[in-house]
6 protein chains.
Amino acid sequence: MKLLLINPNISDSVSALIRAEAERSASAGTQVEVLTAPFGVAYIETRFEALIGAYAAAQLAAEHHQRFDAIVVAAFGDPGLGGLREAMDIPVTGLTEAALASAHLLGHRISIIAISQRIQAWYREVVEACGFGGRLASIRALDRPLSGIGAVQDEHAQALKALAERAVDEDGAEVIVLAGAPLAGLARTLKGQLPVPVVDGVSSAVRHAETLVALDPGAARRGSFAPPPLKPHRGLPASIEALLAGRNA
Amino acid sequence: MKLLLINPNISDSVSALIRAEAERSASAGTQVEVLTAPFGVAYIETRFEALIGAYAAAQLAAEHHQRFDAIVVAAFGDPGLGGLREAMDIPVTGLTEAALASAHLLGHRISIIAISQRIQAWYREVVEACGFGGRLASIRALDRPLSGIGAVQDEHAQALKALAERAVDEDGAEVIVLAGAPLAGLARTLKGQLPVPVVDGVSSAVRHAETLVALDPGAARRGSFAPPPLKPHRGLPASIEALLAGRNA
Amino acid sequence: MKLLLINPNISDSVSALIRAEAERSASAGTQVEVLTAPFGVAYIETRFEALIGAYAAAQLAAEHHQRFDAIVVAAFGDPGLGGLREAMDIPVTGLTEAALASAHLLGHRISIIAISQRIQAWYREVVEACGFGGRLASIRALDRPLSGIGAVQDEHAQALKALAERAVDEDGAEVIVLAGAPLAGLARTLKGQLPVPVVDGVSSAVRHAETLVALDPGAARRGSFAPPPLKPHRGLPASIEALLAGRNA
Amino acid sequence: MKLLLINPNISDSVSALIRAEAERSASAGTQVEVLTAPFGVAYIETRFEALIGAYAAAQLAAEHHQRFDAIVVAAFGDPGLGGLREAMDIPVTGLTEAALASAHLLGHRISIIAISQRIQAWYREVVEACGFGGRLASIRALDRPLSGIGAVQDEHAQALKALAERAVDEDGAEVIVLAGAPLAGLARTLKGQLPVPVVDGVSSAVRHAETLVALDPGAARRGSFAPPPLKPHRGLPASIEALLAGRNA
Amino acid sequence: MKLLLINPNISDSVSALIRAEAERSASAGTQVEVLTAPFGVAYIETRFEALIGAYAAAQLAAEHHQRFDAIVVAAFGDPGLGGLREAMDIPVTGLTEAALASAHLLGHRISIIAISQRIQAWYREVVEACGFGGRLASIRALDRPLSGIGAVQDEHAQALKALAERAVDEDGAEVIVLAGAPLAGLARTLKGQLPVPVVDGVSSAVRHAETLVALDPGAARRGSFAPPPLKPHRGLPASIEALLAGRNA
Amino acid sequence: MKLLLINPNISDSVSALIRAEAERSASAGTQVEVLTAPFGVAYIETRFEALIGAYAAAQLAAEHHQRFDAIVVAAFGDPGLGGLREAMDIPVTGLTEAALASAHLLGHRISIIAISQRIQAWYREVVEACGFGGRLASIRALDRPLSGIGAVQDEHAQALKALAERAVDEDGAEVIVLAGAPLAGLARTLKGQLPVPVVDGVSSAVRHAETLVALDPGAARRGSFAPPPLKPHRGLPASIEALLAGRNA
């Protein structure tokens, strides 16, 4: 089985973190490949940056999907996920959606620990759009500037752990999600140090993508996740043109 | 006052409908300009198409915003609206958001009449993301193929009116929204023929954009609609680069 | 265009504040008239006082509506608004509903800054009845006795501003509503001093009432905002009798 | 124990139905008295009529409360209830609230059977304001003109029963509420003829009012149901003036 | 009238508290009997303990119901209530459901005061399952170890009162529920000492059970509270076997 | 890896279906064992039957958990799941929860196809308790008597498929869950015959249990899924006594 993980941002250091955790968590026999966006920003904190990342993810997916069994949008917030699920004939998931699936299986009230204050509103909107708003105990976030996105978990592991402790004690969290690709692998590092189960987006997404391939539930041919209908278009990258033509072929 | 209306799709015929209704509904002293997306699809029905339209709208807004007092994303579903509100220092609204604002002032339970079956799931998600899910009486849509997007209202006016009647009688709608830029102006055509108030997105957006300019409520300098923080980026169009640099300058 | 603003309370000093802000915010060509309730209390903080104000507003509206193009119930909490919308054949809005419409166009999470602790429960119920409960970041209120209702904003401007700052920083407010007719105009005074957009009920209501007149969406002839059905009645003021008879005529 | 039931409408025939069912359902030792509004309409179907009924109920309550241990607002929709609960130092309930309390103890999903199409929107808003929106299976209503409000249940018993059957079979109702004072006693008449428990507002309100007197839970001295604060007022009926002064004395 | 109160736990000291408050609150002519679970734990704080208590309650109800007019599951959290309502042909209620019914009649926003930190998550889930999640102002709980379950209210009355005060002042509670059978009677003790109405589960359940018997709304013969359908079973206690057979007979 | 699947009912024929599908869907290296409840009913349709099944599942889990890496409660409705998650130090999931996790990764709006009318209310309550109420497009169910629980899918496959088609076309389902252990394997049989992805509870639960073991997120030591606190108990089966003592040891 081959999984494509798309980093919708330009940070190679984050792609390396994603790759390392994906390889650690994949089943025997699963190959993972991580691609980094050719355009965009270092990491997504806002709706505007998500809009850019979504388009970058769509281009990468359109170009490369044919070699893979499933795709993971490897940024918390899942930019472009809904659209890719329509356009692809293979399973697609994202870090938020996959982390919520794991958390759902471990407890009811979920807290998210994030890397910046600014990122919280966008995360909240994504969680609510997933229908998990009623299970969100809290989002807590670092409030210090980040010296570099690839080193967040090294520099701030204790502060992130302290936020998780407060989420358990003050917000009633029953599960903790360490959110964002820059924290990929931190759950593994903190294993046994938190009082409730801890979920990582990358390992969750890899495992759940494998499960979707194994369950083989069938593709949508009707309803809102069927392929987008054919219609006039103009000025799109060739890969996206081919994608729009392909699923209707 | 100058308003920019961005058609995030490639259909010049729809841009013409938008322009006509915008000019009919603008106050004296307001100038409207309509720009059509240089790339994308004929009209947005799906999340994937919305993702493309959002990026096209962002490019147009980044290139042209400096000549305007406010911007309207002139497609129902408001692709890119949240992101543009962060990135712009002038008011931005969209057809869905503006139509909901008008409907909110006219009744409690709102039905949306739409041009295709496929479009309904996306509309529902947008309305729910706006926090209006609890006020949505129904979405009803044409179930016939469209011969051309610019002629929908001419060819299907009676079918659309019949859907609105059913929304009132069977779904308890207290206000009707005729949804989608291809229906721009239809509310004016049907005036007096429906048993409840009827809302059009384009005229609502033009009027509400004028109101936002007049009220001058101030720009967000903190919180989730403040400008996106400066950070490394790569490969973006020059206009978007300038935009990201500008609001933080 | 002529707008009637009804102060459902007996405070002439508040009517003066309403009039001043309404005149400042009306478009050229719009005339505003403010009427003060002939009976009732100084300002509404409770459900019981709202019940009285609603009846007073209904009497004033019934007596005077024929000279106007739209009506504004000029108290936050909108006493009687739903009923008047049924009974009148011209647009009717209220300060809460109109402030929420403006806030809806500026951000997602809204905080309300209010003049007394007691008033908060009623405000919350009204916001929830409008369907905006899910977007309410917080209500924060002064906790000091008011020396006189007409001087609240002069005496407490800094305390009110501090409450707004806390709503942004602690509650995640993306828009601030300065609530209550006694604060009419304060948003204008504080312009540029708050980190997020600030909304005033009176100016919002005046502008949105103008928009409703301009859009001319049609009156409800069916559904729950159609005129109340004719039926036996007794002991009502002549103006209300005429109103009940009139829309069914 | 003495209970005051206030019919906020002018229909003596409905007051007679209320009185008969109240007397049948009161415990030994409970005296009931029914007062009819001196002004208003024959029966409330709309928000505007509810606004009038609320003011009429307030006047009657203010005049007579001192002779009673508890008050029932004896119209479905409970006009004025929240306000009276603030203003009175004895328990106050209403037909909707009391019927929902009974239904809550009998099943989860509740359907309301009502006497007119028009009345449904108002009922829905009241049920939602009570926080029972999530438990409302449906509201179903007669769609024929009523020859006289006092004879509804005699003339339409079979149609009302058929509506209840459909609510069970098609809407998943686990409890039926026969709604509106004009249906007082019909639940008793239909006993054993419906497949799920049936609730009547008047008998529920009488019994729950007795319970509140017996439990003696204490009056609100803080919070939003404490007496309205003393403040300037003008032009109010003497009984309401006395009421406002009294609870603060 | 004879009421059966089932303590689904093994604590005779708590059964004594239940019995005392039930006898104090029952109407003249009502006899109450309290039975203690033959197996289980001292008091329920968790979902696992509730699962045990539910089965114990079912056994006691199956053995004894024929001598009674109504049954009360006398533990906050109501273990087994939904199941017993299906299986019994007499009214069944529980302390949570009954306390919520009383609170519903006294105010809108409800706080629950509980005896342990651990118990809160389970209480919240039960309240949400009742559909009262939107009215829950807060749950506040003792954070000290309990020396013995029968003496909680004697030892911690002041701490519990202080929690109630904070719920009113900080959480906006309009009604207080003193939760858990171990607090039976404490509302009576604290009468007049709290600033808002106070509700006790046992007295509420006794009174509401009496009301259900008096109203005689009919048993469910269809829908989800009809008797469980007959089907093969094995290894059940004879009383439960008889119960399953009986209502279908 | 060894998984224990507990059939909380007495039907050996259903246990065989569970076993077959579990073995088909388990990864290489995973061993599955299915245990059948020693007491209870043939299949659970009601809250009362679920209460019995929960207790039976708890006994089986307490007796056998030490030989396994994870446990699956193998009945749709997940009787006892929350309690077992507290009491066990290994992952526990159930068919409903696991099916929802799969569906969550495949689409937004979910319909459940069930084997009897009666079962629907209980399923709805379980889905809502999981926080998925807002994503439930519909529950549709067979309305014919079942000749034997082990043969439902053989006898009714076409009727179940027709229900799924209607859920897609009329209710807007984007994913279908074939619900109930008696339908284990039917999704596999219908592969490619439905227009949207189809989810089976048993295969989902097996795969998600494997994932939880692989992710190793840590056990709850605080919060509401920590082990139940030690306290006096009486009359419990030895295995449950040992369980209560064990996790606190």
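Looking at an unreviewed UniProt entry, one finds chain A named Aspartate/glutamate racemase family protein, with Aquincola agrisoli as its source organism. What UniProt states about chain A under its Sequence similarities (unreviewed entry) heading is, verbatim, "Belongs to the HyuE racemase family."

1. Things to note about the relation of the copies chain B and chain C
Aligned on chain C, chain B shows an RMSD of 0.0 Å; the corresponding rotation is 180° and the shift along the axis is 0.0 Å. Given the turn and translation reported, the copies of this chain are related as if by a two-fold rotation axis. Every residue of chain B has its C-alpha some distance from the rotation axis, and the shortest such distance is that of Ala101 of chain B, at 2.7 Å. An overlap of 100% is found between the interface residues of chain B and their copies at the interface of chain C, pointing to a shared contact surface.

2. As for the interface of chain B and chain C
Listed as interface residues are 47 residues of chain B and, on the opposing side, 47 residues of chain C. Summed over both partners, the interface of chain B with chain C buries about 3,800 Å², with 58% contributed by carbon and sulfur atoms. It is His104, Leu105 and Arg222 of chain B that lose the most area in chain B upon contact with chain C, and together they represent 18% of the buried surface on that side. Taken together, the links from chain B to chain C amount to 6 salt bridges. For the salt bridge of Lys191 of chain C with Asp216 of chain B, the shortest nitrogen-to-oxygen distance reads 3.9 Å. Remark: the boundary between chain B and chain C carries 26 residue pairs in polar contact (both at pLDDT 80 or more). Residue assignment for the side of chain B that touches chain C shows that the elements contributing at least two residues are strand S5 (92-94), helix H4 (95-104), helix H6 (152-171) and helix H8 (201-215) of chain B. Of the residues forming the side of chain B that touches chain C, the biggest block, 8 residues, is contributed by H8 of chain B. The residue makeup of the side of chain B that touches chain C, split by class, is 22 nonpolar, 14 polar and 11 charged.

3. Section: the state of the cysteines
Covalent bonding between the sulfur atoms of two cysteines defines a disulfide. The tally for this structure, following the rule as stated, stands at 0 disulfides over all chains. Distance from the sulfur of Cys130 of chain B, which forms no disulfide, to the nearest cysteine sulfur (Cys130 of chain C) is 16 Å. Take Cys130 of chain B: its relative accessible area is 12%, and that puts it in the buried class.

4. Regarding helix H9 (residues 238-246) of chain F
Along H9 of chain F, the residues classified as buried are Ser239, Ile240, Leu243 and Leu244 of chain F. The arc that holds the buried residues of H9 of chain F, viewed along the axis, is 135°, so those residues lie on one side. Contact partners of the buried residues in H9 of chain F: strand S3 (40-41) and helix H2 (47-64) of chain E together with helix H2 (47-64), helix H3 (81-87) and strand S10 (233-234) of chain F.

5. Focus on the environment of Val202 of chain A
Residues and elements named next belong to chain A. Note on placement: Val202 falls in helix H8 (residues 201-215). Looking at Val202, the relative accessible area reads 1%, which means it is buried. Sequence separation of Val202 and Ile110 is 92 residues, and the distance between their C-alpha atoms is 17 Å. Every residue in contact with Val202, bar those within four places of it in the chain, is listed here: Leu5, Ile18, Glu21, Ala22, Leu95 and Ala184.

Parameters at a glance
Residues numbered from 1 in each chain as written. Chains lettered and ligands numbered in written order. Predicted model: local features only at pLDDT ≥ 70, side-chain atom pairs only at ≥ 80, totals over all residues. Heavy atoms only, no water. UniProt positions renumbered as here; feature names shortened; annotations may be inferred. Least-squares fit on C-alpha atoms with pLDDT ≥ 70 in both. Contact = heavy atoms within 4.5 Å. Buried area = accessible area lost by both parts, 1.4 Å probe. Salt bridge = Lys/Arg side-chain N within 4 Å of Asp/Glu carboxyl O. Polar contact = N/O pair within 3.5 Å; in protein donor to acceptor, adjacent residues only side chain to side chain. Helix = DSSP H or I, 4+ residues; strand = E, 2+ residues; numbered from the N terminus. Nonpolar A, V, L, I, M, F, W, Y, C, P; charged D, E, K, R; others polar. Disulfide = S-S within 2.5 Å. Buried < 20%, exposed > 50% of the residue type's maximum accessible area, 1.4 Å probe, protein only. Arc of directions from axis to C-beta.

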